Amino acid sequence: MDHDAIREIHQLKHRYARTLDTKKWGEFAQTMVPEATAIYGEYLRFDSRDSFVSFLENTFSIHVITQHHCSQPEIDVDGDRATGIWLLADTTIIPDDGLMLRGSAYYHDRYVRDDHGRWRISYTSFERTWESAVDLKDIPSFRLAFNRWDQLEPPASA
Amino acid sequence: MDHDAIREIHQLKHRYARTLDTKKWGEFAQTMVPEATAIYGEYLRFDSRDSFVSFLENTFSIHVITQHHCSQPEIDVDGDRATGIWLLADTTIIPDDGLMLRGSAYYHDRYVRDDHGRWRISYTSFERTWESAVDLKDIPSFRLAFNRWDQLEPPASA
Amino acid sequence: MDHDAIREIHQLKHRYARTLDTKKWGEFAQTMVPEATAIYGEYLRFDSRDSFVSFLENTFSIHVITQHHCSQPEIDVDGDRATGIWLLADTTIIPDDGLMLRGSAYYHDRYVRDDHGRWRISYTSFERTWESAVDLKDIPSFRLAFNRWDQLEPPASA
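A brief look at the structure comes next.

Rules used throughout
- For every chain, the first residue of its written sequence is number 1, and the numbers climb from 1 along that sequence.
- To label them, take the chains in the order written and letter them from A, then take the ligands in the order written and number them from 1.
- It should be noted that, the model being predicted, local features are given only for residues of pLDDT at least 70 and side-chain atom pairs only at 80 or more, the latter also being counted only at that level, while totals for whole chains, interfaces and linings use all residues.
- Heavy atoms throughout the structure, all of them, feed into the side-chain values; hydrogens and water do not.
- Secondary structure elements follow DSSP: runs of H or I no shorter than four residues count as helices, runs of E no shorter than two count as strands, and numbering proceeds from the N terminus.
- Accessibility here uses a 1.4 Å probe with only protein chains present; expressed as a share of the type maximum, an area under 20% marks a residue as buried, one over 50% as exposed, and anything in between as partly exposed.
- In this description, contact between two residues means that some pair of their heavy atoms is separated by no more than 4.5 Å.
- Here, Shrake-Rupley sampling with a 1.4 Å probe gives the accessible areas, and only protein chains in the shown set may cover a residue.
- In this count, Lys and Arg are taken as positive residues and Asp and Glu as negative ones, while His and the chain termini are left out.
- To locate a charge, take atom NZ for lysine, CZ for arginine, CG for aspartate or CD for glutamate.
- Here the quantity called buried area is the total loss of accessible area, with a 1.4 Å probe, experienced by two parts when brought into contact, counted for both.
- Throughout this description, the term salt bridge denotes a Lys or Arg side-chain nitrogen within 4 Å of a carboxyl oxygen of Asp or Glu.
- Two N or O atoms form a polar contact when they lie within 3.5 Å of each other; inside protein one atom must be a possible hydrogen donor and the other a possible acceptor, and for residues adjacent in sequence the pair counts only when both atoms belong to side chains.
- For this classification, the nonpolar set comprises Ala, Val, Leu, Ile, Met, Phe, Trp, Tyr, Cys and Pro, the charged set comprises Asp, Glu, Lys and Arg, and every other residue, Gly included, is treated as polar.
- What makes two strands pair is DSSP finding at least two bridges between them.
- For the least-squares superposition of copies, only C-alpha atoms count, and only for residues with pLDDT at least 70 in both.
- For helices, the fitted line uses only the C-alpha atoms of the stretch in contact; every axis is such a line through C-alpha atoms, and the angle between N-to-C directions lies from 0 to 180 degrees.
- Roughly parallel refers to an angle under 35 degrees, roughly antiparallel to one over 145, roughly perpendicular to one between 65 and 115, and oblique to any angle outside these ranges.
- By convention, the crossing between two helices is left-handed when the near helix turns anticlockwise from the far helix through less than a right angle, and right-handed when the turn is clockwise.

## Thoughts on the overall build of chain A
In terms of helices and strands, chain A carries three helices and seven strands. Start at the N end of chain A and walk to the C end: the helices and strands fall as α-α-β-β-α-β-β-β-β-β. Overall size of chain A, expressed as C-alpha extent along the three principal axes, is 55 × 35 × 30 Å. Expressed as a percentage of its 158 residues, the buried residues of chain A come to 60%. For chain A, the share of sequence-separated contacts (at least 6 apart) that also reach a separation of at least 24 residues comes to 56%. For chain A, the accessible area works out to roughly 7,000 Å², and carbon and sulfur atoms hold 49% of it. Averaging the coordinates of the 18 positive side-chain charges in chain A and doing the same for the 26 negative ones gives two points 3 Å apart.

## Topic: the environment of C:Ala29
Residues and elements named next belong to chain C. Tracing the chain through its elements places Ala 29 in helix 2 (residues 25–29). The spacing of Ala 29 and Leu 56 is 27 residues in sequence and 11 Å in space, taken between C-alpha atoms. Each residue touching Ala 29, except ones within four places of it in the same chain, is listed here: Arg 49 and Val 53.

## Here's the deal with the interface of chain B and chain A
At the junction of the two partners, chain B supplies 32 residues and chain A supplies 30 residues. Regarding the contact of chain B and chain A, the summed buried area is about 2,700 Å², with carbon and sulfur atoms giving 52% of it. Connecting chain B to chain A are three salt bridges. Note that B:Arg143 and A:Asp135 form a salt bridge whose closest N and O atoms lie 3.6 Å from each other. The interface formed by chain B and chain A holds 17 residue pairs in polar contact (both at pLDDT 80 or more) in total. Of the residues belonging to the side of chain B that touches chain A, the class tally is 11 nonpolar, 11 polar and 10 charged. As defined by bridge partners, strand 6 (residues 119–135) of chain A adjoins strand 7 (residues 143–147) of chain B across four bridges and the pair is classed as antiparallel.

## Some remarks on unusual backbone geometry
Backbone geometry follows two general trends: most residues other than glycine have a negative phi, and most peptide bonds adopt the trans configuration. Residues and elements named next belong to chain A. Despite not being glycine, Gln 72 shows a phi value in the positive range, around 60 degrees. Relative to the helices and strands, Gln 72 is located in strand 3 (residues 65–78). For Gln 72, a relative accessible area of 3% translates into the label buried.

## Topic: the pattern of salt bridges
Enumeration over the complete set of coordinates arrives at 35 salt bridges over all chains. Where B:Asp114 meets B:Arg118, a salt bridge forms, and the shortest distance between an N and an O atom there is 3.1 Å. Overall, B:Asp114 belongs to the buried group, its relative accessible area being 19%. Of the charged contacts, one joins B:Lys137 and B:Asp135 as a salt bridge, the two residues approaching to 3.6 Å between their closest N and O atoms. Where salt bridges share partners, they join A:Asp2, A:Asp80 and A:Arg113 into one cluster.

## Re the relation of the copies chain C and chain B
When chain C is fitted to chain B, the residual RMSD is 0.0 Å, and the transformation amounts to a turn of 120 degrees plus an axial shift of 0.0 Å. The transformation just described matches what one would write down for a three-fold rotation axis. Here only 16% of the interface residues in chain C have copies in chain B that are interface residues too; the copies meet through unlike faces.

## Some points on the relation of the copies chain B and chain A
One copy of the chain maps onto the second through a rotation around an axis plus a translation along that axis. Each copy of the sequence occupies a distinct position, and chain B is placed on chain A by a rotation of 120 degrees and an axial shift of 0.0 Å, giving an RMSD of 0.0 Å. A distinct binding surface is used by each copy, with only 16% of the interface residues of chain B retained as interface residues in chain A.

## A closer look at the packing of helix 1 (residues 3–21) of chain B against helix 1 (residues 3–21) of chain C
Interhelical geometry of helix 1 of chain B versus helix 1 of chain C gives an angle of 40 degrees and a closest axis separation of 12 Å. If you check the angle between helix 1 of chain B and helix 1 of chain C, you find them oblique. Crossing geometry of helix 1 of chain B relative to helix 1 of chain C is assigned as left-handed. Counting all contacts with helix 1 of chain B, which are made through B:His3, B:Ile6, B:Arg7 and B:His10, the residues of helix 1 of chain C involved are C:His3, C:Asp4 and C:Arg7. Here the residues of the contact of helix 1 of chain B with helix 1 of chain C are counted per class, giving one nonpolar, three polar and three charged.

## Here we look at the pairing of strand 5 (residues 99–113) of chain C
Residues and elements named next belong to chain C. Of all 15 residues making up strand 5, 12 are buried, and the element is well covered by its neighbours. Sheet topology note: the strand 4 (residues 81–94)/strand 5 ladder contains 14 bridges and is antiparallel. Paired with Arg 81 across the bridge in strand 5 is Val 112. The turn joining strand 4 and strand 5, which pair antiparallel and follow one another in sequence, is formed by four residues; a positive phi near 60 degrees is taken by Gly 98. With 15 bridges connecting them, strand 5 and strand 6 (residues 119–135) associate as antiparallel partners.

Right, here's the structure in full:
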């Protein structure tokens, strides 16, 4: 069993999730090879890393709070290629729209080891199991006790 | 440290959780030896894999959405036997009853390596820490934006 | 790659989270060296294990239900020292105050291997991304179907 590869792929996906949820798009892009492809949900397909990262950067702007909790990896390594299944337990809050989403999905990823020996994502997709939506007006006391992105938002008068 | 064993036990439990939540009962049963025993909650005891899987298949039918999020493994390997503690952070939604449950528990598992070198679960139990319940009628806007099992449900007129 | 070290640090943090959420303060303290330091949130600093554990023991008494879900480790080992980043996906319920909190944060830890070869936490901190708060009076049906700590509470007349 290639324990180095498995460990590196784990840390790669953990960095993917952390930089996605902290909106560090430069570091996030580095988890994928430039020619990476992605399928997002049922309909959206991306044929390059740049188009995929641009989409996510627009979708998950500072007005959207996300928790992409990635766990339960099942990794299969074959030389310089590997596949992985992960549970995604996700929460999304859009304060301006008063909307909160929660759900489960499974990532199906492919990974490659490049000439420098680094593992990176070459393909990612996820298949949703369920997703629930709640209008926060039903929970009038709902408030963000802390929101890192608040401080980054330009003032309304700007 | 037997890294192969630990890695295989991790992936075994991850497959257990994934096939449980996606209701792939045949694949789910294969994570356990036939003579596996289980304690479920405070009162339910099962003395074979078949009786345990039947119970779960009935309890978690397509009318019940589950997220068994298994993580934080503490695995102890001793030759062809091993024990494991896991956090279970679980969410259950029963749309027809308008009920949502969330909670924490700890799995206490035992594993065996069979003659083919495969690790499987020989005993599983969990000890709950807490569980909360909410009637979804308190949150009128609650809706399932997606539910894989909806499509599988026979029409009401069938 | 020092797989023994990485595995031991993982299990160390998993034990940290489990004993924190099950309020096993003696076992919890053993995950840290006596001279461990901690930064908790934005303002609280602790310069010894004893002061940190005392604070947590008071804060997370049997009147507070916690789920510190620690995952997505990124561990970097350098001899007998190591650093780690972890996602904290936390839920806190304070039944007496009718309050529920949920959020994301990232732990930034340091670890040391002591003379007996055991890894322990020498420094821990976390940086919050977001935290939401809900008054449970908005969800009148909210109830604890199970709460391990209830049984441990002294009767009101005591």
